Amino acid sequence: MDAFVQLMTDWGYVGMLLTAFLAGSLIPFSSELVLTGLLSLGLNPIGILIAATIGNTMGGMTCYWLGSLGKMEWIEKYFHIKEKHVIKAKKFLQGKGAWMAFFAFLPFIGGPIAVALGLMRSNLPITITAMIIGKAVRYIILIGILLSIF
């Protein structure tokens, strides 16, 4: 894992985008490690923010797309999301709309939220917009905290 984090840090903004994508697509990985490494190396925080937000949103939209296929057995097999979690997320999202994609940045429930929105075929432009906003806010806060520490 340390070697992978080092490789992604060496790749700079591209590494940030890739790790954020992986983290956003339910693969257990922490994009925060690479983000911290890149900030400590002195890379531009705005560039890191943009790469992280784009990558993480792409990962979240991959979950949305998978949900839109409607194949629960694929969701369970490849992403290890239990059907009961998706059903729970769907009940939570019912009537709240696509703006709930804002919360796709949350650990553990963000993926099921994105999958459930895909299963529900939520409004795509609103889903993407809300997801971008939520993920950007998360990274802005994280970058702000880390910059105050450095």
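Worth saying up front: this structure is predicted, and the values here are computed from it rather than measured. (Residues numbered from 1 in each chain as written. Predicted model: local features only at pLDDT ≥ 70, side-chain atom pairs only at ≥ 80, totals over all residues. Heavy atoms only, no water.)

## Let's talk about helix H8 (residues 124-149)
Then, number 1: In this model H8 runs 38 Å from its N-terminal to its C-terminal C-alpha over 26 residues, within 8% of the 38 Å that 1.5 Å per residue would give.
Then, number 2: The backbone nitrogen of Ile-126 has a side-chain oxygen 3.0 Å away, supplied by the residue at the start of H8, namely Asn-123. (Helix = DSSP H or I, 4+ residues; strand = E, 2+ residues; numbered from the N terminus. Expected span 1.5 Å × (residues − 1). Polar contact = N/O pair within 3.5 Å; in protein donor to acceptor, adjacent residues only side chain to side chain.)

## What to know about the confidence of the model for the chain
Then, number 1: Averaged over all residues, the pLDDT of the chain equals 86, while 95% of them reach at least 70.
Then, number 2: Looking across the chain, the model is least confident in helix H1 (residues 2-10), with a mean pLDDT of 70, and most confident in H8, with 95. (pLDDT = per-residue confidence, 0-100.)

## What about a nonpolar patch on the surface?
Then, number 1: Taken together, Trp-99, Ile-133, Val-137, Ile-141, Ile-145, Leu-147, Ile-149 and Phe-150 make up a surface patch of nonpolar side chains, about 790 Å² in accessible area.
Then, number 2: Tracing the chain through its elements places Ile-149 in helix H8. (Patch = residues over 30% accessible without salt bridge, like charges linked within 9 Å, V, L, I, M, F, W, Y side chains within 5 Å. Areas by Shrake-Rupley, 256 points an atom, 1.4 Å probe, with all protein chains shown as cover. Salt bridge = Lys/Arg side-chain N within 4 Å of Asp/Glu carboxyl O.)

## Description of the layout of surface pockets
In this approach a probe as big as a water molecule rolls over the atoms, and the regions it shows empty are the leftover space.
Then, number 1: When its volume is computed, the largest pocket comes out at roughly 770 Å³.
Then, number 2: Lining the largest pocket we find 30 residues, and of these Leu-106, Pro-107, Phe-108, Ile-109 and Gly-110 sit closest to its centre.
Then, number 3: Residue assignment for the lining of the largest pocket shows that the elements contributing at least two residues are helix H2 (13-24), helix H4 (45-69), helix H6 (83-93), helix H7 (110-119) and H8.
Then, number 4: Per-element tally for the lining of the largest pocket: the top contributor is H7, with 5 residues. (1 Å grid on protein atoms, 1.4 Å probe; cavity = no way out; pocket = protein on both sides within 12 Å on 5 of 7 lines; lining within 4 Å. Points joined across faces, edges and corners; volume = space filled by probe spheres on them.)

## Some points on the packing of H4 against H8
Then, number 1: H8 packs onto H4 with a crossing angle of 140 degrees between their chain directions and a minimal axis gap of 9 Å. With respect to each other, H4 and H8 are oriented oblique. Note on packing geometry: the crossing formed by H4 with H8 is right-handed. Counted together, Pro-45, Ile-48, Leu-49, Ala-52, Thr-53, Asn-56, Thr-57, Gly-60, Met-61 and Tyr-64 of H4 and Leu-124, Thr-127, Ile-128, Met-131, Ile-132, Lys-135, Ala-136, Arg-138, Tyr-139, Ile-140, Ile-143 and Leu-147 of H8 form the full contact between these two elements.
Then, number 2: Class assignment for the residues of the contact of H4 with H8 results in 15 nonpolar, 5 polar and 2 charged. (Axes fitted to C-alpha atoms, helices over the stretch in contact; angles between N-to-C directions. Parallel < 35°, antiparallel > 145°, perpendicular 65-115°, else oblique. Left-handed = near helix turned anticlockwise from the far one by under 90°. Contact = heavy atoms within 4.5 Å. Nonpolar A, V, L, I, M, F, W, Y, C, P; charged D, E, K, R; others polar.)

## Structural notes on the nonpolar core
Then, number 1: One finds Ile-75, Val-86, Leu-93, Val-115, Leu-117 and Met-131 to be the most contacted residues of the largest nonpolar core, which totals 20 residues.
Then, number 2: Of all the secondary-structure elements, those providing two or more residues to this core are H4, helix H5 (72-79), H6, H7 and H8.
Then, number 3: When residues in this core are grouped by element, the largest group, 5 residues, is from H7.
Then, number 4: Non-local contacts of Val-86, meaning those with residues more than four positions away in its chain, are made with Met-72, Ile-81, Val-115, Ala-116 and Leu-119.
Then, number 5: Residues Met-16, Ile-48, Leu-49 and Ala-51 belong to the second largest nonpolar core, which totals 15 residues. (Core = buried A, V, L, I, M, F, W, Y, C linked by side-chain atoms within 4.5 Å. Buried < 20%, exposed > 50% of the residue type's maximum accessible area, 1.4 Å probe, protein only.)

## A few points about the packing of helix H3 (residues 31-40) against H8
Then, number 1: H8 packs onto H3 with a crossing angle of 45 degrees between their chain directions and a minimal axis gap of 11 Å. It follows from the interaxial angle that H3 and H8 lie oblique. Pair H3 / H8 crosses with right-handed handedness. On H8, the residues touching Ser-31, Glu-32, Leu-35, Thr-36 and Leu-39 of H3 are Arg-138, Tyr-139, Leu-142, Ile-143, Leu-146 and Leu-147.
Then, number 2: Grouping the constituent residues of the contact of H3 with H8 by class yields 7 nonpolar, 2 polar and 2 charged.

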